[in-house]
Amino acid sequence: MRKAAFLLLAGVVFGADEPAKIKLPTRRDDLARGEKLFGAYCALCHGTKGGGGRGPILATPKLKRAPDDAALVKVVEDGIQGTEMPGAWHMTPREIRQVSAFVRGLGRVPDKPVPGDIARGSQLYQAKGGCAACHTVQGKGGLMGPDLTSAGLRRSAAFLREAILNPEAELPDRFLQVRVVPHQGSPITGIRLGEDSFTIQVRDFSDNLHSFWKRDLKDIHKDHGRSPMPAYKDKFSDAELTDLVAYLASLREEK
Amino acid sequence: MRFILVLIPALVLAQIHVPYQRIRDAHKEPGNWLTYSGNYTGQRYSLLDQIHTGNVGRLRVAWVHQADELDAFETSPVVVDGVMFITEPPNLVKALSTRTGRTLWTYRKDIPKDLRLCCGKVNRGVAVLDDAVYYASLDAHLIALDARSGRLRWEVTMADYKTGHSSTGAPLAVKDKIITGMAGGEFGVRGFIDAYDAKTGKQAWRFWTIPAAGEPGNDTWQGNSWKTGSATTWVTGVYDPESNTLYWGTGNPGPDWNGDVRKGDNLYSDTLLALDPDTGQKKWHFQYTPHDEHDWDSTQTPILIDAVLQGQPRKIVALANRNGFYYALDRQTGRFVGGRPYIKQTWSSGLDEAGRPMRLPNTAPSVEGTLVWPSLGGGSNWYSSTYSPQTSLYYVNVKEKAGVYHKGEAEYKAGAFFNGGGQQEYKGEEGYGAVRALEPGSGALRWEHRLHSPSHAGLMSTAGGLVFGSNGSSFFAIDAKDGKPLWDFQAGGGIIANPITYMSEGKQYVVIAGGHALFVFGLD
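Residues numbered from 1 in each chain as written. Chains lettered and ligands numbered in written order. Predicted model: local features only at pLDDT ≥ 70, side-chain atom pairs only at ≥ 80, totals over all residues.

**What to know about the packing of helix 3 (residues 69-78) of chain A against helix 4 (residues 93-106) of chain A**
All names here are of chain A. With their axes 9 Å apart at the nearest point, helix 3 and helix 4 run at an angle of 120° to one another. It follows that helix 3 is oblique to helix 4 by the angle criterion. For the crossing formed where helix 3 meets helix 4, the hand is right-handed. Taken together, the residues of helix 4 that come into contact with helix 3 (itself represented by D69, L72, V73, V76 and E77) are I96, R97, V99, S100, V103 and R104. Of the residues that constitute the contact of helix 3 with helix 4, the class distribution is six nonpolar, one polar and four charged. (Axes fitted to C-alpha atoms, helices over the stretch in contact; angles between N-to-C directions. Helix = DSSP H or I, 4+ residues; strand = E, 2+ residues; numbered from the N terminus. Parallel < 35°, antiparallel > 145°, perpendicular 65-115°, else oblique. Left-handed = near helix turned anticlockwise from the far one by under 90°. Contact = placed C-beta atoms within 7 Å. Nonpolar A, V, L, I, M, F, W, Y, C, P; charged D, E, K, R; others polar.)

**Some details on the domain arrangement of chain A**
For chain A, the assigned domains read domain 1 (8-106), domain 2 (118-169 + 229-249) and domain 3 (177-223). On a C-alpha basis, the centres of domain 1 of chain A and domain 3 of chain A stand 40 Å from each other. (Domains from an automatic or database assignment.)

**Some remarks on the confidence of the model for chain B**
Residue and element names in this part refer to chain B. In the predicted model, chain B carries a mean pLDDT of 95, and 97% of its residues have values of at least 70. Contacts of residues 1-12 to residues separated by more than four positions or lying in other chains number five contacts, the stretch itself having pLDDT below 50. This prediction of the complex comes with two scores: 0.90 for pTM and 0.83 for ipTM. (pLDDT = per-residue confidence, 0-100.)

**Some remarks on helix 7 (residues 157-165) of chain A**
All names here are of chain A. Among the residues of helix 7, F159, L160, A163 and I164 are the ones counted as buried. Axial view of helix 7: buried residues confined to an arc of 135°, hence all on one face. Looking at the buried side of helix 7, the elements it contacts are helix 6 (151-154) and helix 8 (238-249). (Buried ≥ 20, exposed ≤ 12 C-beta atoms within 10 Å, placed from the backbone. Arc of directions from axis to C-beta.)

**Description of the pairing of strand 3 (residues 177-182) of chain A**
Residue and element names in this part refer to chain A. Two strands pair when backbone bridges link them, and strand 3 and strand 4 (residues 188-195) are joined in this way by four bridges, in the antiparallel orientation. Bridge assignment links R179 to a residue of strand 4, and that residue is T189. Following strand 3, the chain reverses through five residues before pairing antiparallel with strand 4; G185 in that reversal takes a positive phi of roughly 105°. Relative to strand 7 (residues 217-223), strand 3 is paired through six bridges, and the arrangement is antiparallel. (Pairing = 2+ DSSP bridges.)

**Notes on the sheet that holds strand 17 (residues 271-275) of chain B**
Residue and element names in this part refer to chain B. The strand order across the open sheet built from four strands is 15-16-17-18, with neighbouring strands paired in antiparallel fashion. A strand with exactly one partner marks an edge of an open sheet, and here the two such strands are strand 15 (238-240) and strand 18 (282-287). Shown here is a sheet whose adjacent strand axes are inclined to one another by a mean of 20°, direction ignored. Taken together, the four bridges between strand 16 (residues 245-249) and strand 17 define a ladder with antiparallel strand orientation. Among the inter-strand pairings, L246 is bridged to a residue of strand 17, identified as L275.

**With respect to the pairing of strand 36 (residues 500-504) of chain B**
Residues and elements named next belong to chain B. As paired elements, strand 36 and strand 37 (residues 507-514) share five bridges and run antiparallel to each other. If you follow T501 over to strand 37, its bridge partner there is V510. What sits between the antiparallel neighbours strand 36 and strand 37 is a turn of two residues, in which E505 has the positive phi angle 50°.

**A look at the environment of B:Q508**
Residues and elements named next belong to chain B. Following the sequence through the fold, Q508 ends up in strand 37. Here the alpha-carbon distance between Q508 and G522, two residues 14 residues apart in the chain, equals 6.4 Å. In contact with Q508, not counting residues within four places along its chain, are L48, Q50, I51, T501 and M503.

**A closer look at the interface of chain A and chain B**
Think of interface size as the accessible area that goes away when the parts come together; that is how it is often given. Residue-level contacts link 24 residues of chain A with 38 residues of chain B. Where the side of chain A that touches chain B is concerned, the elements lending two or more residues are helix 1 (28-41) and helix 4 of chain A. Here the side of chain A that touches chain B takes three residues from helix 1 of chain A, the largest share from any one element.

**With respect to unusual backbone geometry**
Residue and element names in this part refer to chain B. For the bond from L267 to Y268, the omega torsion is -5°, close enough to zero to count as cis. Its identity as a non-glycine residue notwithstanding, Q310 has a phi of 45°, on the positive side. Checked against the element boundaries, Q310 lands in the loop between strand 19 (303-309) and strand 20 (312-320). A residue is classified by how many C-beta atoms lie within 10 Å of it, and Q310, with 6 of them, is exposed.

**So, the nonpolar core**
Ranked by internal contacts, the top residues of the largest apolar core, which has 144 residues, are B:F85, B:V126, B:V128, B:V133, B:Y134 and B:A173. Look past the residues within four positions of B:Y134 in its chain and what remains in contact with it is B:V126, B:A127, B:L129, B:L142, B:A144, B:P171, B:A173 and B:I178. Listed in part, the 28 residues of the second largest apolar core include A:L24, A:L72, A:V99 and B:F417. (Core = buried A, V, L, I, M, F, W, Y, C linked by C-beta atoms within 7 Å.)

**Remarks on the sheet that holds strand 5 (residues 92-97) of chain B**
Residue and element names in this part refer to chain B. The sheet built from four strands is open, its strands ordered 3-4-5-6 with antiparallel pairing. The outermost strands of the open sheet, each flanked by one partner alone, are strand 3 (78-80) and strand 6 (103-108). Taking the axes of each pair of neighbouring strands and ignoring which way they run, one obtains an average angle of 20° across the sheet.

**Focus: helix 4 of chain A**
Residue and element names in this part refer to chain A. With 14 residues, helix 4 extends 20 Å from end C-alpha to end C-alpha; this agrees with the ideal 20 Å at 1.5 Å per step. Counting buried positions along helix 4 gives ten out of 14 residues, so the element sits mostly inside the fold. Listing the buried residues of helix 4 in full gives E95, I96, R97, Q98, V99, S100, A101, F102, V103 and L106. Tucked inside the fold, the buried residues of helix 4 contact helix 1 and helix 3. (Expected span 1.5 Å × (residues − 1).)

**Quick look at the packing of helix 7 of chain A against helix 8 of chain A**
All names here are of chain A. Where helix 7 meets helix 8, the closest approach of the two axes is 9 Å, and the angle between their N-to-C directions is 125°. By the criterion of interaxial angle, the relationship of helix 7 to helix 8 is oblique. Considering the relative orientation of helix 7 and helix 8, their crossing is right-handed. Residue-level contacts link A157, L160, R161 and I164 of helix 7 to L241, L244, V245, L248 and A249 of helix 8. Each residue belonging to the contact of helix 7 with helix 8 can be placed in one class, and the counts come to eight nonpolar, no polar and one charged.

And the structure:
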C-alpha cells in the first residue's frame with residue numbers, strides 16, 4: 001500500500017456495533033494487550049500513562065468526547081474529524097476494545113482538585129512570572145511560547161510543574177529555536193514557524209514575522225533542545241509554584 | 001466571436017487519434033505525452049530541449065487548473081494534439097485545452113458511499129488508444145470514454161469494491177488491449193493484472209498475482225493464506241515492444257505487518273512480473289522482498305534501460321525499490337545484474353548473488369515496536385524515478401527516514417482492513433529527502449541534491465539537461481549533470497504527483513499537480 005502521507009487521513013469507518021452492545025474486556029491479558037497497543041499507537045500524543053501532550057489527558061475520570069464505553073470505542077475506531085486524532089484503521093475490533101478498556105482504566109484515578117490558589121496563581125502568571133509576555137491565554141498575551149488556553153486539558157499538573165522548573169526537559173512538539181544570518185542585514189533569532197527546501201519562516205522574539213529564501217542566507221543555526229523560556233527554579237517559592245500550577249491546570253477551554 | 005471559441009476546441013478534438021504505433025514510437029513526437037510515463041520505457045524522459053539549463057530560471061506559470069474537490073491530486077496527464085487528459089478527485093476525468101487551460105469536457109462517476117480505500121480518493125491518470133480514453137475508476141471498474149466528448153462507451157466491473165478492491169493507477173494501452181492493475185492491498189484481496197479488448201471491453205486475460213492451489217508458487221503460502229495475500233498492482237507497468245514483454249510490479253503481501261499467518265516467500269508479492277501482453281502468460285518473475293513484513297510494495301514503475309555495462313551493451317530493467325535497495329535485472333531473463341542500498345537501511349546485510357536480500361534478525365515488526373530504516377513509505381514509493389539517456393543516470397527522489405513497526409492481530413473479514421499491525425513515526429531522528437543520481441548497472445551513487453524533508457513526488461528528466469522534481473509544496477528543476485538547483489516554484493500545497501512536459505504551438509510546457517491545482521509552466 002502507498003499510505004505514508006495519507007495514513008492518518010484515511011478516516012475509515014468500521015462497521016460500528018450497536019452502542020448498547022459494547023462491553024469492554026476486563027480480563028488481565030486483554031488489559032495487558034491494550035496497554036501494549038496504547039504504548040504503540042496512542043502514547044506518542046497522549047503520553048505513556050495518559051498524561052497528555054499533543055493530545056488531551058486521558059488519565060482523568062471524565063472524557064469529554066467519550067462519556068460512555070460505546071463513545072470511547074467509536075472515538076478509537078473512527079478518530080475525531082477536524083482534529084489530529086486518527087481512526088484505528090490498523091486494529092481489529094477486538095484490539096480496539098482492548099485499547100479502549102486500557103484507556104478507561106487510566107481514568108480510574110481520584111477526581112481530586114489540583115492543590116493551590118488559582119487566583120493567586122493567575123496573579124503570579126501576569127506579574128511576577130511575566131508569563132503573558134510569551135504565552136497566550138484566551139487570545140491575550142505573547143506569541144513566542146505555546147498557547148496555554150487549554151493547558152489544563154492537555155497536560156497534567158506534574159508535567160506543568162516540571163515545564164516551569166525545567167523548560168528544556170521536554171519541548172513542545174515541532175518547537176525549534178533558530179538563528180538565521182542573511183547575506184545582507186542583521187541576524188534574526190526566533191522560533192521556526194515553517195521550513196522547506198527553499199525557504200524558512202521565523203517569528204523573532206519581538207513577535208515579528210520573517211520569511212527568507214535560503215539562497216539569501218549565509219547560515220541557519222538550529223538550537224535543537226533549546227528553549228528561550230528561562231528556568232523558574234529560583235524565581236518562585238514552592239508555594240508560589242503550587243499556585244501557578246493550579247492556575248494553569250484550571251485552563252481547560254477547548255480550542 | 002463566440003462561435004469561433006466553440007469551434008476551435010471541437011476542431012482540435014476531432015483530430016484525436018492515437019493508434020498503438022504512435023505510442024510505440026512516442027519518442028518520434030516528444031511534443032505529445034501519449035502514455036503514463038511518456039513512452040513505454042518508463043523512463044519519464046523527454047526529448048524536448050527548448051527549456052534547458054540556461055533558461056529554466058525564466059519558467060513562469062502559464063495557466064492553472066483548479067480541481068473541483070479537495071483531495072489528494074496525483075494525476076499524471078496524457079497530452080495528445082492540443083488536449084490534456086487528466087483524472088481528478090473524487091472520480092473525474094477531464095479534457096483540457098493545452099492552449100488555454102479551459103475544460104473541454106468532464107466525466108464524473110459517482111463513488112459508492114461504502115467504498116473503502118486505504119489512502120484517499122486518488123488516481124494517477126488515463127490511457128489513450130485510438131479515439132478513446134481509458135480510466136480505472138476508484139470502485140474497480142474499467143471505463144472507456146469517447147475522447148472527443150467524454151461520453152461513456154463501455155464499462156466493466158473488474159472486481160467487487162465491497163471486498164476491498166479498488167483502482168487508482170493509469171491503465172496501459174498495448175496493441176489492441178487495455179492493461180490495468182488494481183488496488184486493495186490492505187483488505188486481504190487477491191491481486192491481479194487484467195487485459196481487456198479496447199474496442200469491446202471484453203476481458204482478454206487475467207493474471208492472478210498469487211498462484212492458486214496446485215499452481216507453481218502456491219507452496220510459498222501457508223495453508224489458505226494465499227486467498228487473502230494481496231499482491232496488488234496499483235501502479236502502471238511498462239512494455240518492451242522488441243521482446244513483446246510487459247513488466248508490472250506487485251504490492252505487499254497481506255496482512256501487511258504480521259507474517260506469522262502467511263509463512264513462506266509469498267509469491268508473487270513485491271515482485272516484478274514479466275508477462276506476454278497477448279496472452280497474460282508469465283515469462284519470468286523476480287521477487288525483491290520475499291516474505292515482506294514492512295509493507296514495502298514493489299509496484300513502482302520500473303525503467304527499461306539500454307545500458308552499457310563494463311563496455312558491453314546490456315538491456316536491463318531497473319528499479320529503486322521501496323525496500324531501500326536499487327536493482328538492475330536482465331530484462332530478457334529476470335536475472336540479477338547488480339544492486340545495492342540507495343538509502344540507509346537496517347533490515348538486511350545486503351543482496352546475495354541472485355539479488356535476494358539477506359535479512360537480519362530482530363527486524364520484523366513486534367508488539368512493542370521494532371525500529372527499522374526505511375520507514376513504511378520506503379526509500380522511494382509509487383511516484384516516478386527517471387532515467388536520462390543523455391547523462392546515463394537513474395534519478396530517484398528518496399526518503400531518508402525510519403519507522404517503528406508494530407505487529408498486531410490479523411483477522412480477515414471481507415471488506416475490512418487486514419493489516420496485522422501498523423507503523424509509527426520515529427521521533428529520534430528528523431527525516432530528510434534527496435534527489436540521488438545512480439549508475440544504472442549498480443545503483444552506485446554519483447551525486448545527491450539534498451532536500452529538507454522526505455519527498456513523496458516523482459521526477460522527470462529532459463534533453464534540456466534538466467531533472468524536474470518536487471519536495472513538500474515546492475516544484476523545482478536541477479541540473480541533470482550535477483544536481484545544481486536552477487529553478488523552484490512554491491505551489492502552496494503538498495505535491496504528490498509526477499511531472500510531464502509537452503509542446504503547444506511551438507512552445508514547451510512543464511506540468512505538475514500540486515495541492516488541489518494543476519500548474520502549467522512555460523518560459524516568459
